[in-house]
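Observations on chain architecture
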Amino acid sequence: MRQPIVRFVWLGRVPYAQLLALQERWLRLLQAEPNTEAQTKTEAGALLLCEPAGPVYTAGLRGGLTPKEVAQLRALGAEVHTTGRGGLATFHGPGQLLCHPILDLRRLGLRLRTHVAALEACAVRLCELQGLLGAGARPPPYTGVWLGERKICAIGVRCGRHITSHGQALNCSTDLSWFEHIVPCGLVGTGVTSLSKELQRHVTVDEVIPHFLEAFKETYKCTLISEDSSN
């Protein structure tokens, strides 16, 4: 049986708003009527990857930031966005791999819960391929991938009409001090970490991308085809 095709787009280091704009374009393609040229072209969907160009805080459907906190974060020089994903507040910035799979779950034989579990499995596998053992998922409300009480990968998704958006953020060489200004994902008493911190060497986003793509193909049992970011 032929594997479903997912087109991956590497944007490089770009403003967060550029990732959101491309996400909306792919959502419109997948939400088009079945059997249209757009639907045929996208197959199972797209995997959008980037490294944020600057510091960004995002709040999910459950909020997580008061107006006062938003003003304080912007005073630090960060952007603040309200998004449609699940979860509360988190941070995105340079040194972080952002992954937004825009997928029709029906074409992959997945449900929303198994999609979230697959994202967690991708991050765990990537850590293993980087030589970092011991990373794992935890029961709700601790969505994401952890090493003990330290989160290395945050996950927050949205799903409508079986089509997903948003996804995961993996800390490679992220400046973790930005997380000190919020309660990440609303989980009091937990910390954050990165591949660089755990492996005690500088790990770039560019370094981990091949391992991430390998993990994604293994987990989602799909074929990845590179797509020009300008399309």
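Everything below is about the structure printed above this text.
The following refers to the structure shown. (Residues numbered from 1 in each chain as written. Predicted model: local features only at pLDDT ≥ 70, side-chain atom pairs only at ≥ 80, totals over all residues. Heavy atoms only, no water.)

Focus: the overall build of the chain
Scanning the chain for helices and strands turns up seven helices and eleven strands. For a compact globule of 231 residues, the expected C-alpha radius of gyration is about 17 Å, and the chain comes in at 17 Å, within 12% of that figure. On the principal axes, the C-alpha backbone points of the chain span a range of 50 × 40 × 30 Å. Here the chain holds 231 residues, and the buried ones make up 52% of them. Considering only contacts within the chain whose residues lie at least 6 apart along the sequence, 76% involve residues at least 24 apart. Just so you have it, the chain exposes about 10800 Å², and 52% of that area is on carbon and sulfur atoms. Distance between charge centres in the chain, computed from 24 positive and 20 negative side chains, equals 6 Å. (Helix = DSSP H or I, 4+ residues; strand = E, 2+ residues; numbered from the N terminus. Rg over C-alpha atoms; globule rule 2.2 N^0.38 Å. Buried < 20%, exposed > 50% of the residue type's maximum accessible area, 1.4 Å probe, protein only. Contact = heavy atoms within 4.5 Å. Areas by Shrake-Rupley, 256 points an atom, 1.4 Å probe, with all protein chains shown as cover. Lys, Arg positive; Asp, Glu negative; His and termini not counted. Charge placed at Lys NZ, Arg CZ, Asp CG, Glu CD.)

A few points about the side chain of Thr193
On the secondary structure map, Thr193 appears in the loop between strand 10 (191-192) and helix 6 (195-199). Look at Thr193 and you get buried, because its relative accessible area is 0%. Within polar-contact distance, the side chain of Thr193 engages the side chain of Glu198 at 2.6 Å. Apart from residues lying up to four places away in sequence, Thr193 is in contact with Leu147, Arg150, Lys151, Ile152, Asn171, Leu176 and Glu198. (Polar contact = N/O pair within 3.5 Å; in protein donor to acceptor, adjacent residues only side chain to side chain.)

Overview of the state of the cysteines
Inspection of the entire model under this criterion finds zero disulfides. Free of any disulfide, Cys99 has its nearest cysteine sulfur in Cys122, 7.2 Å distant. Cys99 sits in the buried class, given a relative accessible area of 1%. The closest cysteine sulfur to the non-disulfide-bonded Cys172 is located on Cys127, 9.0 Å from its own sulfur. (Disulfide = S-S within 2.5 Å.)

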